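The lines below spell out each chain.
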Amino acid sequence: MNYYFNKTINGTFEEVIEKVTQGLKEEGFGILTEIDVTKTLKKKLDIDFKKYRILGACNPPYAHKALQAEDKIGTMLPCNVIVQEIEAGVIEVAAVNPMASMQAVENEKLNDVASEITAMLKNVIEKL
């Protein structure tokens, strides 16, 4: 099982960020965190890096269910979605596969939640 699923699309980096954010919203996710890896690496290490952003997506009802089933599952939240520029006008979007993450957690109660979140994140990627 792959730990992520992805899709490469054409467009500008900012347009794709907007599409991904909207697609996540349509599936009930909000963006809790946004890490601009490009700016961070430049500021901290003075390294020029491609456009790369990590979006921390959360679906509150499902996060609540997961936390009720396994109180340490917060170590794996939120679900990360990356947007990176492969070349000008070519952008890759990848999302974590919650089913792969949950294999490390031996708790049957999480399977349904992980399965549903996986389907929702796949749907976001497929619709891009």
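Conventions adopted
In this convention, every chain numbers its residues from 1, walking through the sequence in written order. In view of the model being predicted, local features appear only for residues whose pLDDT reaches at least 70, and side-chain atom pairs are presented and counted only at 80 or more, with totals across whole chains, interfaces and linings using the full set of residues. Each side-chain value is worked out from all heavy atoms of the structure, with water and hydrogens disregarded. Secondary structure counts use DSSP, requiring at least four H or I residues in a row for a helix and at least two E residues in a row for a strand, with both numbered from the N terminus. The quantity called the radius of gyration is restricted to C-alpha atoms. Its globule counterpart is 2.2 Å times the number of residues to the power 0.38. To sort residues, take the accessible area from a 1.4 Å probe on protein chains only and compare it with the maximum for the residue type: under 20% means buried, over 50% means exposed, and anything in between is partly exposed. It only takes one pair of heavy atoms within 4.5 Å for two residues to be counted as in contact. Per-residue and other accessible areas were derived by the Shrake-Rupley procedure at a 1.4 Å probe size, with only the shown protein chains allowed to occlude residues. Counted charges follow a simple rule, with Lys and Arg positive, Asp and Glu negative, and His plus the chain ends left uncounted. For charged residues, the charge sits on one atom: NZ in Lys, CZ in Arg, CG in Asp, CD in Glu. Strand pairing is defined by DSSP finding a minimum of two bridges between the two strands. Note on geometry: axes are lines fitted to C-alpha atoms, helical ones only across the stretch in contact, with angles between N-to-C directions running from 0 to 180 degrees.

- Looking at an unreviewed UniProt entry, the protein chain carries the name DUF302 domain-containing protein, with the source organism given as Psychroserpens ponticola.

### A closer look at the overall build of the protein chain
Moving on, step 1. On a plain count of helices and strands, the protein chain comes out with 5 helices and 5 strands.
Moving on, step 2. Starting at the N terminus and ending at the C terminus, the protein chain contains elements arranged as β-α-β-α-β-α-β-β-α-α.
Moving on, step 3. Against the globule reference of 14 Å for 128 residues, the protein chain gives a C-alpha radius of gyration of 15 Å, in line with a compact fold.
Moving on, step 4. In terms of its C-alpha atoms, the protein chain occupies a principal-axis envelope of roughly 45 × 35 × 25 Å.
Moving on, step 5. Burial statistics for the protein chain: of 128 residues in total, 41% are counted as buried.
Moving on, step 6. Of all intrachain contacts in the protein chain linking residues separated by at least 6 positions in sequence, the fraction that spans at least 24 positions is 69%.
Moving on, step 7. Counting only carbon and sulfur atoms, one obtains 52% of the accessible surface of the protein chain, whose full area is about 7,600 Å².
Moving on, step 8. Taken as two groups, the 15 positive and 19 negative side-chain charges of the protein chain have centres that lie 4 Å from each other.

### Some points on the sheet that holds strand S1 (residues 4-10)
Moving on, step 1. A sheet is described by the order of its strands in space; here 5 strands give the open sequence S1-S5-S4-S3-S2, paired in antiparallel fashion. Each edge of the open sheet carries a strand with a single partner, namely S1 and strand S2 (30-36). In this sheet, neighbouring strand axes are inclined to one another by 20 degrees on average, regardless of whether the strands run parallel or antiparallel.
Moving on, step 2. Both S1 and strand S5 (residues 90-96) contribute to a ladder of 7 bridges, which runs antiparallel. Each bridged residue has a counterpart across the sheet, and for Tyr4 the counterpart in S5 is Val96.
Moving on, step 3. Lying over the sheet, helix H2 (residues 37-45) contacts S2 and strand S3 (52-58), oriented at roughly 35 degrees with respect to S2.
Moving on, step 4. In the packing of helix H5 (residues 109-127) onto the sheet, the strands contacted are S1, strand S4 (79-87) and S5, and the crossing angle to S1 comes to about 15 degrees.

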